[in-house]
Amino acid sequence: MSTPVPLTNHQIRLAARPVGLPTRANWQSTSEAVAEPAEGGVLLKTLALSLDPAMRGWMNEGKSYIPPVGIGEVMRAGGVGRVIASKNAKFAVGDFVSASFGVQEYLTLAEADFKRSGLVKIDLNVGTLTQWLNVLGMPGMTGYFGLMDVGQPKAGETVVVSGAAGAVGQTVGQMAKIKGCRVVGIAGGQAKCDWVVKELGFDACIDYKAGPSSVKDGLKQHCPAGVDIYFDNVGGEILDTVLTRINRGARIIICGAISQYNNTTAVQGPKNYLSLLVNRARMEGIVVFDYADRYPLAVTEMAAYLKDGRMKSKEDVVQGLDAFPEALNKLFTGENFGKLVLQVAEA
């Protein structure tokens, strides 16, 4: 099937590896003609992209759980879009899909690359496009499997989650409440704290910006029986402080360390790690791609919670591909409120 008119693909490529917070100098805007799909392939139009803290790590050279984005390559990003040309019987023009789109307007995929790119159909009767980038997307899957598989929550336990108003944090906290836990969030600013308590149903939320001892004092107040599960999205001093409050047999899930990503020196590890020994606790990392074959199970469960109102989904949407550099940095300044999404085109 041919597209009716030639299309131009505008892209954002990594121009140089950043030192500290990325700037526009780290990015290059390019354009190229859109290629027709080969037999068995599809052509996709990007509608919205997921902006995630992990993207900062993908920009760095060095060994990690996934290869770094190469200099000159289109920046990696998950997204949602629509099929606009198809030579594959499994995908029809007009289908909505989720895939690793990259920061660009169009993506031509060969059939051999479907699995690598994570190409799957999505159902807008189950969730909105932005919810498919949040609770039903990679952040939601991270929160679900991190909490349920690594954290293994039991009713009555106390769960603390940092970055509570962010994409992963909001899923973790709501899931923990559904499973019968006491949930205490940590977030930056009174507005975010009020939202996670009043809208998401957390039992309490600590504003880490309220003062140098706010986290220590807040944990003492809101977790008088200690912490059984800590879902860590920020690392640094907050991780150290929570480790002083953990119970025997506690589980610490390491999802991210957003407070450390733009350091120009080495990442600061936990100073209080001996608390793991004293309390026979464990600390384990979560990489969401390890659970890809089980995503449909988590989507089904959480879609039901969205439908019956037990789970809510908040997105912070920024408009336009050219806004990408500044939009991404909102993650590291704490400006975003909810899951950060870059809308590239109208559905």
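Data block above holds the structure.
Residues numbered from 1 in each chain as written. Predicted model: local features only at pLDDT ≥ 70, side-chain atom pairs only at ≥ 80, totals over all residues. Heavy atoms only, no water.

A. Spatial organisation of the overall build of the protein chain. For the protein chain, the helix and strand inventory stands at 10 helices and 15 strands. Relative to a compact globule of 347 residues, whose C-alpha radius of gyration would be 20 Å, the protein chain shows 20 Å and is just as compact. Along the first, second and third principal axes, the C-alpha set of the protein chain runs to 65 × 45 × 35 Å. Burial statistics for the protein chain: of 347 residues in total, 54% are counted as buried. Excluding contacts between residues fewer than 6 apart, the proportion of contacts in the protein chain whose partners are at least 24 apart in sequence is 67%. (Helix = DSSP H or I, 4+ residues; strand = E, 2+ residues; numbered from the N terminus. Rg over C-alpha atoms; globule rule 2.2 N^0.38 Å. Buried < 20%, exposed > 50% of the residue type's maximum accessible area, 1.4 Å probe, protein only. Contact = heavy atoms within 4.5 Å.)

B. Main features of the sheet that holds strand 11 (residues 227-232). Strand order in the open sheet made by the 6 strands is 10-9-8-11-12-13, with parallel pairing throughout. Looking at strand neighbours, the two that pair on one side only are strand 10 (204-207) and strand 13 (282-285), the edges of this open sheet. Put simply, the sheet's adjacent strands are angled 15° from each other on average, direction ignored. As judged from the 5 bridges shared by strand 8 (residues 158-162) and strand 9 (residues 182-187), these two strands associate in the parallel manner. For V160, the partnering residue across the bridge sits in strand 9 and is V184. Running over the sheet, helix 5 (residues 190-198) touches strand 9 and strand 10 and is turned about 170° from strand 10. (Pairing = 2+ DSSP bridges. Axes fitted to C-alpha atoms, helices over the stretch in contact; angles between N-to-C directions.)

C. The arrangement of the pattern of salt bridges in detail. Considering all chains together, one arrives at 15 salt bridges under this definition. The salt bridge involving K179 is made with E301; its shortest N-O contact spans 3.1 Å. Here K179, found in the loop between helix 4 (167-178) and strand 9, pairs with E301, found in helix 9 (residues 295-308); they are 122 residues apart in sequence, far enough to count as distant. Through salt bridges that share partners, R24, D322 and E326 make up one connected network. (Salt bridge = Lys/Arg side-chain N within 4 Å of Asp/Glu carboxyl O.)

D. Broad picture of the packing of aromatic side chains. Inspection of every chain in the model, using the stated rule, returns 6 aromatic pairs. Residues W195 and F337 carry aromatic rings whose centres are separated by 5.5 Å and whose planes lie at 90° to one another, so their mutual orientation is edge-to-face. Taken together, the residues span a long stretch of sequence, with W195 in helix 5 and F337 in the loop between helix 10 (324-333) and strand 15 (339-343) at a distance of 142 residues. The exposure class assigned to W195 is buried, which follows from its relative accessible area of 13%. (Phe/Tyr/Trp six-rings, centres within 6.5 Å; stacked < 30°, edge-to-face > 60°.)

E. Inspection of the nonpolar core at higher detail. Ranked by internal contacts, the top residues of the largest apolar core, which has 46 residues, are L136, V196 and M302. Those elements that place two or more of their residues in this core are strand 3 (42-50), helix 3 (138-151), strand 8, helix 4, strand 9, helix 5, strand 11 and helix 9. If you tally residues by element for this core, the top one is helix 9, at 6 residues. When residues no more than four places from it in sequence are discounted, the contact partners of V196 are A164, A165, G201, F202 and C205. (Core = buried A, V, L, I, M, F, W, Y, C linked by side-chain atoms within 4.5 Å.)

F. Representation of the pairing of strand 12 (residues 246-254). The pairing of strand 11 with strand 12 spans 5 bridges and is classified as parallel. The partner of Y230 across the bridge, within strand 12, is I252. In this fold, strand 11 hands off to helix 7 (residues 236-243), which returns the chain to strand 12; that crossover is right-handed. Bridge analysis of strand 12 against strand 13 gives 4 bridges, and the strand direction is parallel. When the bridges of strand 13 are listed, I254 appears paired with G285. (Right-handed = clockwise from strand over helix to strand, strands pointing away.)

G. Quick peek at the packing of helix 3 against helix 4. Two elements in contact, helix 3 and helix 4, have axes whose closest approach is 8 Å; the angle formed by their N-to-C orientations is 45°. Here helix 4 runs oblique to helix 3, going by the angle between their axes. Seen from above, helix 3 lies across helix 4 with right-handed handedness. Facing helix 3, whose interface residues are P139, G140, T142, G143, Y144, L147 and M148, helix 4 presents A167, V168, T171, V172, M175 and A176. (Parallel < 35°, antiparallel > 145°, perpendicular 65-115°, else oblique. Left-handed = near helix turned anticlockwise from the far one by under 90°.)

H. View of the packing of helix 3 against helix 9. It is at 10 Å that the axes of helix 3 and helix 9 come closest, and there the two elements cross at 95°. When the interaxial angle is binned, helix 3 and helix 9 end up roughly perpendicular. Counted together, G140, M141, Y144 and F145 of helix 3 and Y295, A298, V299, E301 and M302 of helix 9 form the full contact between these two elements.

I. Just the environment of A225, in detail. Considering the arrangement of structural elements, one finds A225 in the loop between helix 6 (214-222) and strand 11. On the basis of relative accessible area, A225 is assigned to the exposed category, the value being 60%. Measuring from C-alpha to C-alpha, the distance between A225 and P296 comes to 36 Å, with 71 residues separating the pair along the chain.

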